[in-house]
Amino acid sequence: MSEKRPILLLLSGEHPSLPYSEVFAILESEGVEFRELKRCDQVMVIEGGEQTGKHLEKRAAYVMEGGALILQSRPSVDELRKACGYTDWSFLRGRSFGVRVSRVKEHWREFSSSKLEGLVGEYVKNVTDSRVDLESPQVWIRGVITDCGVFLFKQDFRTDRRAFAQRRPKTRPFFHPGVLEPKIARAFVNLSKVRKGENFLDPFCGTGGFLIEAALLGLHTYGLDLDRRMIKGAARNLRHYGLDAELILGDARRLPFKKVDGIATDPPYGRGTSTKGQSVKSILSEFMREAYEVVRDGGRICIAAPQEVAIQEVAIKSGFRLHEVHIMRVHKSLTRSIVVVERVAG
Ligand SMILES: C[S@@+](CC[C@H](N)C(=O)[O-])C[C@H]1O[C@@H](n2cnc3c(N)ncnc32)[C@H](O)[C@@H]1O
């Protein structure tokens, strides 16, 4: 199949905006040229260079799978047959295939996904010499029914969802409540736009959840925490995965670094004893002023805080430019803002 075909990405439905931003951050940080062509519910269609899929497969938390777009159609049997007729199926020549269709949420419920699988399978069998194999075909033709209609794509990669589940905080040797799940931690690290070989910092590193994700990506990883137990615990957790990071007992309000390429962090929210009586806002104000001196020009910080802290305002006051805000409702009394800011040259 021609490399020039647009790429369809099937995204996780776990958050309404983070998955799209994560794709942008990964491809930009890896220097991949790309262009967004279409955005639908849990689907993104992009035009991108050869390495696009490789980078997303290796890094993304919220991309589930992707591959070359085969066709797009309105959700009607007639339209789909027409679209199949216009499609060049020669990429299947001599190869076995299977068709599997997923529906995003409840979109076009009246349009049966199994009927769609049958229709496409029959059509393709008739116009090619390919044989159907639903166990382990050489090519999976994937269908997605979403708000924009029906897409078919050739599955070129699938991200390893199980690996994230296997790294759940509770399975690590050192656990402390309130740790974010590995997928969210990975997305934070990606949004900081640090790439392999560059310096990444989590200045409120706790048990090391962000450090693990950063080290897995090959970033030079630094962690700082005020609490000696956390530093020891983070070291144990990293060792558990055979990973390495530089861990420093210290205060995020006085960063012992000259320059870092980016920061991702989940600071204390003032719900436990971890802020030692100082308000979260005042800790974060001191931290942001300090971070402005340490993050390189063009570098990013991805940080979470309770929505009422308005961490984006704190960051802007320190000189950062606001890139984006994502809202995450955790429970009745906690809604988190996830904020990405950038240090502009100045
Ligand atoms: C929400 S936890 C971080 C959780 C972390 N993402 C993890 O994977 O475990 C916040 C951490 O900030 C630390 N902390 C609080 N005040 C600090 C300060 N001024 N400087 C550095 N660390 C601080 C606390 O000890 C705590 O471990």
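The model shown is predicted, which means the values in this text are computed figures rather than measured ones. (Residues numbered from 1 in each chain as written. Predicted model: local features only at pLDDT ≥ 70, side-chain atom pairs only at ≥ 80, totals over all residues.)

Student: Even after reading the chapter, I still don't get the site of the ligand, so can you show me in this structure?
Tutor: The environment of the ligand is made up of 25 residues, and the closest members are Phe 204, Gly 206, Thr 207, Gly 209 and Ala 252. Where the shell around the ligand is concerned, the elements lending two or more residues are α7 (209–216) and β10 (220–225). Of the residues in the shell around the ligand, the class split is 13 nonpolar, seven polar and five charged. (Near = placed C-beta within 6 Å. Helix = DSSP H or I, 4+ residues; strand = E, 2+ residues; numbered from the N terminus. Nonpolar A, V, L, I, M, F, W, Y, C, P; charged D, E, K, R; others polar.)

Student: Sorry if this is basic, but what is going on with unusual backbone geometry here?
Tutor: The general pattern is negative phi for most residues beyond glycine and trans for most peptide bonds. The backbone of Lys 105 sits at a positive phi, close to 50 degrees, despite the residue not being glycine. A count of 11 C-beta atoms within 10 Å places Lys 105 in the exposed class. The phi angle at Ala 310 is positive, at roughly 50 degrees, despite the residue not being glycine. Secondary-structure assignment places Ala 310 in the loop between β13 (295–306) and α10 (311–317). Its 16 C-beta neighbours within 10 Å are what place Ala 310 among the partly exposed residues. (Buried ≥ 20, exposed ≤ 12 C-beta atoms within 10 Å, placed from the backbone.)

Student: I'm lost on the pairing of strand β9 (residues 199–202) in this one. Help?
Tutor: Side-chain direction in a regular strand flips from residue to residue, so the side chains alternate between the two faces of the sheet. Going residue by residue along β9, you find Asn 199 and Leu 201 tucked away on one face and Phe 200 and Asp 202 tucked away on the opposite face as well. Pairing analysis gives four bridges linking β9 to β10, with the strands arranged parallel. When the sheet's bridge partners are listed, Phe 200 is paired in β10 with Thr 221. Between the parallel elements β9 and β10, the chain passes through α7 in a crossover that is right-handed. In terms of strand pairing, β9 meets strand β12 (residues 260–265) through two bridges, oriented parallel. Looking at the pairing, Phe 200 lines up with Gly 262 of β12. (Pairing = 2+ DSSP bridges. Right-handed = clockwise from strand over helix to strand, strands pointing away.)

Student: Sorry if this is basic, but what is going on with the domain arrangement of the chain here?
Tutor: Note on interface size: it is often stated as the accessible area lost on association of the parts. The domains assigned to the chain are domain 1 (7–158) and domain 2 (165–342). Averaged C-alpha coordinates put domain 1 and domain 2 at centres separated by 34 Å. Taken together, the 13 residues of domain 1 in the interface contact 12 residues of domain 2. For the side of domain 1 that touches domain 2, the leading source of residues is helix α1 (residues 18–29), giving seven residues. Within the side of domain 1 that touches domain 2, the residues separate by chemical class into five nonpolar, four polar and four charged. (Domains from an automatic or database assignment. Contact = placed C-beta atoms within 7 Å.)

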